[in-house]
Amino acid sequence: MSSNQKSAHTIENLYDATDLITQEVLKRYEQTPDPRLKEIMLSLVKHVHSFAKEVKLSSKEWLFLMQYLEETGKWCSPGRNEFMIFSDALGLSMLTVTQDYPRPAHATEATLVGPFLLENAPQFAMGTDISNGAAGTPMYAKGRILDTEGQPIANCVIDVWHSDDRGLYDVQDDFEKSGPWGRAQLTTGANGEYTFWSVLPVDYPIPQDGTAIRMLRATTGRSWRPAHLHFRIQAPGHRQLITHIFDKNSKNLDGDAVFGVRPSLIADFVYHDNGVAPDGKKMDKDFYTLDYDFVMTR
Ligand code: BEZ
Ligand code: FE
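Quick summary incoming for the structure in this document. (Residues numbered from 1 in each chain as written. Chains lettered and ligands numbered in written order. Predicted model: local features only at pLDDT ≥ 70, side-chain atom pairs only at ≥ 80, totals over all residues. Heavy atoms only, no water.)

## Describing the packing of aromatic side chains
Two aromatic rings are characterised by how far apart their centres lie and by the angle between their planes. Note the cut-off: Two aromatic rings from Phe, Tyr or Trp, using only the six-membered ring of Trp, form a pair when their centres are within 6.5 Å; if the ring planes differ by under 30 degrees the pair is stacked, by over 60 it is edge-to-face, and anything between is tilted. A run of H or I in DSSP becomes a helix once it reaches four residues, and a run of E becomes a strand once it reaches two; helices and strands are each numbered from the N terminus. Partly exposed describes any residue whose relative accessible area lies between the buried limit of under 20% and the exposed limit of over 50%, with all areas from a 1.4 Å probe on protein chains only and scaled to the type maximum. Placement of a positive charge over a ring is assigned whenever Lys NZ or Arg CZ falls within 6 Å of the ring centre and within 35 degrees of the normal to the ring plane.
As enumerated under the stated definition, the model contains 12 aromatic pairs in all. A ring pair is formed by Trp 197 and Phe 287, whose centres lie 6.1 Å apart and whose planes are at 55 degrees; its orientation type is tilted. Here Trp 197 is found in strand 4 (residues 193–199), whereas its partner Phe 287 is found in strand 13 (residues 287–291), with 90 residues between them in sequence. By relative accessible area, Trp 197 is classed as buried at 3%. With a relative accessible area of 2%, Phe 287 lands in the buried category. Ring geometry for Tyr 271 versus Tyr 288: centroids 5.5 Å apart, planes at 70 degrees, classification edge-to-face. Taken together, the residues span a long stretch of sequence, with Tyr 271 in strand 10 (residues 270–272) and Tyr 288 in strand 13 at a distance of 17 residues. Through a chain of ring-to-ring contacts, the aromatic side chains of Tyr 194, Phe 196, Phe 231, Tyr 292 and Phe 294 assemble into a single cluster. The ring of Tyr 101 carries Arg 239 above its face, with NZ or CZ at 3.8 Å from the centroid. In this structure, Lys 281 is placed above the aromatic ring of Trp 197, and the distance from its NZ or CZ to the ring centre is 4.5 Å.

Given below as structure tokens:
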């Protein structure tokens with residue numbers, strides 16, 4: 001046998017061995033009792049193994065990945081899920097949102113939740129200022145929560161959260177000391193209306209100190225998000241809606257680091273010189289207004 005034939009034979013054995021490992025692992029996970037978990041695990045094993053084979057993942061690269069995941073875990077805390085930022089940056093979050101919430105006819109589109117939603121946000125009365133000291137240009141937001149027949153929905157619980165003019169969220173600030181700001185829960189009355197004051201959100205990069213940003217710096221170089229407000233709306237008898245409203249003047253609408261922009265979610269944050277705001281409040285400095293209705297599906 002020539003040396004060429006010999007090495008071909010060795011490589012063939014190697015491929016046989018990796019296929020045998022995959023088959024053995026699949027056979028084991030065939031025993032998973034829950035049918036959905038079984039479906040997910042079998043597909044995961046198939047795809048992860050074929051990924052490792054396709055890129056010929058080395059032991060050194062595998063170890064790097066394991067250590068990177070360990071470090072990613074260390075960046076996680078309540079209000080900061082670094083794994084979620086990874087999922088967002090890899091487009092996985094938007095893929096699942098798009099699969100789960102196909103574009104609803106005549107209703108508001110969903111987008112990703114992001115890592116900064118907190119349960120039990122402070123409750124505010126409609127029309128009040130939720131900024132709680134956040135720095136930025138005043139903004140007055142109003143609109144209605146409607147069903148697909150255009151009827152207002154009462155008793156909707158609206159969570160809203162957003163950045164200040166540094167592009168930071170309260171959870172990225174000294175949260176222990178300052179507590180929540182730019183974050184509120186509001187409940188609609190019979191007219192389905194919501195109104196609140198806060199500060200204008202600005203474009204911001206994803207957190208600069210974790211593992212997700214290192215991955216983006218080494219790959220796409222795209223780490224900015226366009227200015228937006230986050231909303232979670234829970235309306236009785238309707239499907240929960242998690243979405244954003246994006247500022248039409250943002251420079252980063254075309255290159256969102258986490259692929260969350262939907263054209264239907266881009267709105268006009270209208271600039272006003274000082275004067276009287278839509279709620280009658282006298283403003284001695286300039287401000288912005290937003291008027292956006294949300295349409296919920298059953
Ligand atoms: C956010 O919109 O708050 C966000 C989304 C993904 C990564 C970081 C922040
Ligand atoms: Fe955000």
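## Quick notes on the nonpolar core
Short version of the rule: Throughout this description, the term nonpolar core refers to a set of buried Ala, Val, Leu, Ile, Met, Phe, Trp, Tyr and Cys residues connected via side-chain atoms within 4.5 Å. Working rule for contacts: check all heavy atoms of both residues, and any pair within 4.5 Å makes them a contact.
Grouped together as the largest cluster of nonpolar side chains are 45 residues, with contacts concentrated most on Ile 145, Tyr 194, Phe 196, Phe 231, Ile 233 and Phe 294. Setting aside residues up to four positions removed in sequence, Tyr 194 forms contacts with Met 126, Ala 141, Lys 142, Gly 143, Arg 144, Ile 145, Ile 158, Phe 231, Tyr 292 and Phe 294.

## Comments concerning the coordination of the iron ion (ligand 2)
Tetrahedral coordination by four donors sets the ideal angle at the metal to 109.5 degrees; octahedral coordination by six donors sets it to 90 or 180 degrees. Quick note on the threshold: Only nitrogen, oxygen and sulfur atoms qualify as donors, and only when within 2.8 Å of the metal (3.2 Å in the case of Na, K and Ca); with water excluded, sites may look incomplete. Labels for metal geometry use angle windows, namely 85 to 135 degrees for all angles of a four-donor tetrahedral site, and for square planar (four donors) or octahedral (six donors) sites opposite donors over 155 degrees apart plus all others within 65 to 115; sites meeting none of these are irregular.
All of the protein donors around the iron ion (ligand 2) are Tyr 169 (OH), Tyr 204 (OH), His 228 (NE2) and His 230 (NE2); their distances to the metal are 1.9 to 2.1 Å. In this structure, the iron ion (ligand 2) is surrounded by six donor atoms whose angles at the metal cover 54 to 166 degrees, and the resulting shape is irregular. Donor residues for the iron ion (ligand 2), ordered by position in the chain, follow Y-x34-Y-x23-H-x1-H. Remark: His 230 occurs in strand 7 (residues 228–234) and Tyr 169 occurs in the loop between strand 2 (157–162) and helix 6 (175–178); sequence separation between them is 61 residues. Given the relative accessible area of 2%, His 230 is considered buried.

## Let's talk about a nonpolar patch on the surface
The condition is simple: Within the patch definition used here, like charges are joined within 9 Å and nonpolar side chains (Val, Leu, Ile, Met, Phe, Trp, Tyr) within 5 Å, considering only residues with over 30% relative accessible area and no salt bridge. Each accessible area is a Shrake-Rupley result for a 1.4 Å probe, and residues are judged covered by the shown protein chains and nothing else. The salt bridge criterion pairs a side-chain nitrogen of Lys or Arg with a carboxyl oxygen of Asp or Glu, the two atoms within 4 Å.
On the surface, Phe 51, Val 55, Leu 57, Trp 62, Leu 63, Leu 65, Met 66, Leu 69 and Phe 83 cluster together into a nonpolar patch covering about 780 Å² of accessible area. Along the chain, Phe 83 turns up in helix 4 (residues 82–89). Residue Phe 83 is classed as partly exposed on the basis of its relative accessible area, which comes to 40%.

## A short note on the pattern of salt bridges
One pass over the full model with this rule turns up 16 salt bridges. With its nearest N and O atoms 3.1 Å apart, the salt bridge here joins Arg 232 to Asp 159. Note that Arg 232 is positioned in strand 7 and Asp 159 in strand 2, a separation of 73 residues in sequence. As far as burial versus exposure is concerned, Arg 232 and Asp 159 are alike and both buried. Taken together, the shared-partner salt bridges connect Arg 80, Glu 82 and Asp 209 into one network.

## A word on the pairing of strand 7
The test is simple: Strands are treated as partners if at least two bridges between them are detected by DSSP.
Burial within strand 7 is extensive, with six of its seven residues counted as buried. One ladder, built from six bridges, connects strand 2 with strand 7; its direction is antiparallel. Opposite Ile 158, over in strand 7, you have Ile 233 as the bridge partner. Of the pairings in the sheet, the one linking strand 7 to strand 8 (residues 241–247) comprises six bridges and is antiparallel in character. Each bridged residue has a counterpart across the sheet, and for Leu 229 the counterpart in strand 8 is Ile 245. Between strand 7 and strand 8, which follow one another and run antiparallel, lie six residues, and Gly 237 among them has a positive phi close to 75 degrees.

## Concerning the site of ligand 1
Test applied: By convention in these notes, a residue is near a molecule or strand provided one of its non-hydrogen atoms lies within 4 Å of it. Contacts described as polar in this section are N or O atom pairs within 3.5 Å, which, within protein, must combine one atom able to donate a hydrogen with one able to accept it, while residues neighboring in sequence count only if both atoms come from side chains.
Near ligand 1 there are 13 residues, and of these Asp 88, Tyr 204, Arg 225, His 228 and His 230 occur at the shortest range. For ligand 1, an oxygen atom lies 3.4 Å from a polar atom in the side chain of Tyr 169. Out of a free accessible area of 260 Å², ligand 1 has 100% covered by protein chains. Among the secondary structure elements, those contributing two or more residues to the shell around ligand 1 are helix 4 and strand 7.

## Details of the packing of helix 4 against helix 7 (residues 211–218)
Axis angle and axis distance: for two packed helices, these are the angle between their axes and the distance between the axes, and together they describe the pair. For clarity, the cut-off: Throughout, an axis means a line fitted to C-alpha atoms (over the contacting stretch in the case of helices), and angles, computed between N-to-C directions, take values from 0 to 180 degrees. To sort the angles, those under 35 degrees are grouped as roughly parallel, those over 145 as roughly antiparallel, those from 65 to 115 as roughly perpendicular, and the leftovers as oblique. Any residue outside Ala, Val, Leu, Ile, Met, Phe, Trp, Tyr, Cys, Pro, Asp, Glu, Lys and Arg is labelled polar, Gly included; the first ten of those are nonpolar and the last four are charged.
Between helix 4 and helix 7, the least distance of the axes is 8 Å, while the angle of their chain directions is 25 degrees. On the basis of the axis angle, helix 4 is roughly parallel to helix 7. Contacts between helix 4 and helix 7 pair Glu 82, Ile 85, Phe 86 and Ala 89 from the former with Thr 211, Ala 212, Ile 213, Met 215 and Leu 216 from the latter. Taken together, the residues that form the contact of helix 4 with helix 7 break down as seven nonpolar, one polar and one charged.

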